Amino acid sequence: MSIPFVPSDTVSDTQATLGQGTEGRAQILDTDGSVLDDASVPDLSDERLVSMYREMWLARHLDERAISLQRQGRLGTYPSLAGQEGAQIGSTHALADEDWIFYQYREHGAVIVRGLSHEYLLYWMGHEKGNEWLADRNVFPLNISIGSHLPHTTGMAWASKLKGEDRAFVCHFGDGATSEGDFHEAMNFAGVFDVPAIFFCNNNQYAISMGRDAQTASDTIAQKADAYGFDGVQVDGMDPLATYEVTRQAVQKARDPDADQMRPTLIEAVMYRFGAHTTADDPSAYRDDEEVEAWKERDPIPRMEGFLRNRGLLDDEKRDAIHEECRDTVAEAIDEAMTYEPNPEQIFEHAYETPTPRVQEGLAELQRLRERHGDDALLEDE
Ligand SMILES: Cc1ncc(C[n+]2csc(CCOP(=O)(O)OP(=O)(O)O)c2C)c(N)n1
Ligand SMILES: [Mg+2]
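Keep in mind the model is a prediction, meaning the values are calculated, not measured.

Draft legend 1. Representation of the overall build of the chain within the structure. When helices and strands are tallied, the chain shows 14 helices and nine strands. Projected onto its principal axes, the C-alpha positions of the chain cover 75 × 50 × 45 Å. Out of the 382 residues belonging to the chain, those deemed buried represent 41%. Considering only residue pairs separated by 6 or more positions, the chain has 76% of its internal contacts joining residues 24 or more positions apart.

Structure below.
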C-alpha cells in the first residue's frame, strides 16, 4: 500500500491573503486551526488539503518508528522531524514535479510529499541506494556537511536558467547553516545571477545545543536577504497553509518575475523541534520542558486537523482511516528495507566515477580478507 500521490500540476496561480500573526509573521491558521480574520485560504482542492494532513501524520509516525528502530540497533543515527512537518509539507505542495528539492537531513517531510518507499529508510541504514532513490524524485542527495548544499542549489538554478528551463530550486537548511560561509556565497551569487532559487531556512531555534540568539545578532534571519538584493520573508513555520502560500508566491516569482522583481527569495520559517537533535542527543542538557510545551501549542498536525474539521473535510472515522493507512505504509516500507542484503564491496563505490588506485587497493584487500576468513569471522565482535 502507498499513500495516494496528488500530482502537483494543480498548483494554482491565485493569490491567497497572508495574515499577520501576533509575532508579525506571515500566518493563515491560528493555533486552533481557525483562519485568521485578516487571511484567506489558498486555492487548493479538498483532496490536496486532506493529503497535506495525511503526509504530516505519516511523517510524524515515520519519525516515531525510525527512533524506535535506532534504539533496536536496526537503523543508524536519526534526526527527528517532529514539530517541523508543516513547513516542509506545506512548501513542497507549492512545487511542480520538475522542481528540485535540496535538503539538509531533517526535512523528511519535503521528501515524503514525493512518495515514501523503503529506499528512503535504506539511506538511514547506511546504504547508498537511498540517495539514488532521491535523485529519481528530483531530490538532491541528502546533505550532512552543514551549508554545503546551498552553493550547489545556486549553481544548479543558474545552470537551469542558462539552459532556458522552467524550474525552481528549493533549498532547505537550518538556522545553524546561516552562520556558514557557504550560506553567504550561495545567497550572493543567487542575487548576482538572479537565479530561480528559494532558500528555505527551517529556523527551529537550535543548532544542536546552540540557541537561535547565539547564532546571529540580526533581528530576523529573513532580513539577511536585504544584503543580497532580493526578498526575505518570515513565516509561521508551523502553519502548513502559510508556508504553502509563501513558497507558492516565491516559486511564481522565481519562474516569472515582474520587471522590478528578483527571482531568488529567502524564506525564514519559524518553528521548533520537539524531539532531540538526533538519537545521539539529550536535549534536557540545554532546554527545559516548559519551553517545549509552549511550542507544542503551535503543533502543525492538530492545527491542520482543526482546520479540516471546521471545513467538514475530516471526522473521527476518516481520521482513523488515514492513520491506519499511514501505519500500514510505514510498516511495509520498514519490512521491505529489512530484507535488503547489501554487498560489503559497495562501500568502495559511488565516490568516484572511475575508482582511484587507492580505492582499488582497498577493494582488493577486502576481497582477500573475505576469501581468507569468510564474512562471519569479519562480523564477529572482538
Ligand atoms: C560543516 C559542518 N560543521 C559542523 C557539523 C556538525 N553539526 C551537525 S548538525 C549541526 C547543527 C545544525 O543546525 P541547524 O542548521 O540549525 O539544523 P538543525 O539540526 O537544527 O535542523 C552541526 C553543527 C556539520 N555536520 N557540518
Ligand atoms: Mg536548527
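Draft legend 2. The domain arrangement of the chain, seen in detail. Taken as a whole, the chain is organised into domain 1 (8-342) and domain 2 (344-382). The centre of domain 1, based on its C-alpha atoms, is set 37 Å off from the matching centre of domain 2.

Draft legend 3. Just the site of ligand 1, in detail. Taken together, 16 residues form the shell around ligand 1, and within it Ile-146, Gly-174, Gly-176, Ala-177 and Ala-207 come nearest. Looking at the shell around ligand 1, the elements with two or more residues in it are β4 (169-174) and β6 (206-207). Of the residues assigned to the shell around ligand 1, the class counts are seven nonpolar, seven polar and two charged.

Draft legend 4. View of the confidence of the model for the chain. On average, residues of the chain carry a pLDDT of 94, and 97% of them reach 70 or more. Contacts for the low-pLDDT stretch residues 1-7, under 50 throughout, to residues beyond four places or in other chains number 19 contacts.

Draft legend 5. The arrangement of the pairing of strand β8 (residues 231-236) in detail. As paired strands, β8 and strand β9 (residues 265-270) are joined by six bridges and run parallel to one another. Opposite Val-233, over in β9, you have Ile-267 as the bridge partner. Running through helix α9 (residues 240-255), the crossover from β8 to the neighbouring parallel element β9 is right-handed.

Draft legend 6. Local environment of the packing of helix α1 (residues 46-71) against helix α11 (residues 300-310). Where α1 meets α11, the axes come as close as 10 Å, and the angle between the chain directions of the two elements is 155°. By the angle between their axes, α1 is roughly antiparallel relative to α11. Both α1 and α11 take part in a crossing whose hand is left-handed. Contacts from Leu-49, Val-50, Met-52, Tyr-53, Met-56, Trp-57 and Arg-60 in α1 reach Pro-300, Ile-301, Met-304, Glu-305 and Leu-308 in α11. Here the contact of α1 with α11 is composed, by residue class, of 10 nonpolar, no polar and two charged.

Draft legend 7. Spatial organisation of the nonpolar core. Membership of the largest hydrophobic core comes to 89 residues, with the highest contact counts inside it found for Phe-169, Cys-171, Ala-197, Ile-198, Phe-199 and Ile-267. Among the elements that make up this core, the one with the highest residue count is α1 (11 residues). Ignoring sequence-local partners within four residues, the contact set of Ala-197 consists of Thr-153, Thr-154, Ala-157, Phe-169, Cys-171, Ala-190, Ala-254 and Pro-264.

Draft legend 8. Region of the structure containing helix α12 (residues 316-338). Between its terminal C-alpha atoms α12 stretches 33 Å, which fits the 33 Å expected from 23 residues at 1.5 Å a residue. Here α12 has its buried residues at Cys-326, Thr-329, Val-330, Ala-333 and Ala-337. Contacts made by the buried residues of α12 are with α1 and α4 (118-124).

Draft legend 9. Spotlight on the pairing of strand β5 (residues 197-203). The buried fraction of β5 amounts to seven of the seven residues, a majority that puts the element mostly inside the structure. Neither face of β5 is left uncovered, since the one carrying Ala-197, Phe-199, Cys-201 and Asn-203 and the one carrying Ile-198, Phe-200 and Asn-202 both have all their residues buried. Sheet topology note: the β4/β5 ladder contains six bridges and is parallel. Across the sheet, residue Gly-174 finds its bridge partner in β5, namely Asn-202. For the handedness criterion, the β-α-β arrangement of β4, helix α7 (residues 181-192) and β5 is classed as right-handed. Where β5 meets β9, six bridges bridge the pair, whose relative direction is parallel. Each residue of the ladder has a partner; that of Asn-202, found in β9, is Ala-269.

Draft legend 10. Summary view of the environment of Gly-312. Tracing the backbone shows Gly-312 in the loop between α11 and α12. Of the residues examined, Gly-312 has 8 C-beta atoms within 10 Å and is grouped as exposed. Each C-alpha atom of the pair Gly-312 and Asp-46 lies 9.9 Å from the other, and the pair is 266 residues apart in sequence.

Draft legend 11. Just unusual backbone geometry, in detail. At Asp-194, a position not held by glycine, the phi torsion is positive, near 50°. Relative to the elements of secondary structure, Asp-194 occurs in the loop between α7 and β5. Taking the C-beta count within 10 Å as the criterion, Asp-194 has 19 such neighbours and is therefore assigned partly exposed. The backbone of Ile-208 shows a phi angle near 50°, a positive value even though the residue is not glycine. With 13 C-beta atoms counted inside 10 Å, the residue Ile-208 sits in the partly exposed group.

Draft legend 12. The arrangement of the packing of helix α6 (residues 149-162) against α7 in detail. Contact pair α6 / α7: the axes reach a minimum separation of 7 Å and the direction vectors enclose 15°. Taken together, the axes of α6 and α7 are roughly parallel relative to one another. The interaxial crossing formed by α6 with α7 has left-handed handedness. Contact residues: α6 offers Leu-150, Pro-151, Thr-153 and Thr-154, while α7 offers Asp-182, Phe-183, Glu-185, Ala-186, Phe-189 and Ala-190.

What counts, and at which threshold
- Residues numbered from 1 in each chain as written.
- Chains lettered and ligands numbered in written order.
- Predicted model: local features only at pLDDT ≥ 70, side-chain atom pairs only at ≥ 80, totals over all residues.
- Helix = DSSP H or I, 4+ residues; strand = E, 2+ residues; numbered from the N terminus.
- Buried ≥ 20, exposed ≤ 12 C-beta atoms within 10 Å, placed from the backbone.
- Contact = placed C-beta atoms within 7 Å.
- Domains from an automatic or database assignment.
- Near = placed C-beta within 6 Å.
- Nonpolar A, V, L, I, M, F, W, Y, C, P; charged D, E, K, R; others polar.
- pLDDT = per-residue confidence, 0-100.
- Pairing = 2+ DSSP bridges.
- Right-handed = clockwise from strand over helix to strand, strands pointing away.
- Axes fitted to C-alpha atoms, helices over the stretch in contact; angles between N-to-C directions.
- Parallel < 35°, antiparallel > 145°, perpendicular 65-115°, else oblique.
- Left-handed = near helix turned anticlockwise from the far one by under 90°.
- Core = buried A, V, L, I, M, F, W, Y, C linked by C-beta atoms within 7 Å.
- Expected span 1.5 Å × (residues − 1).

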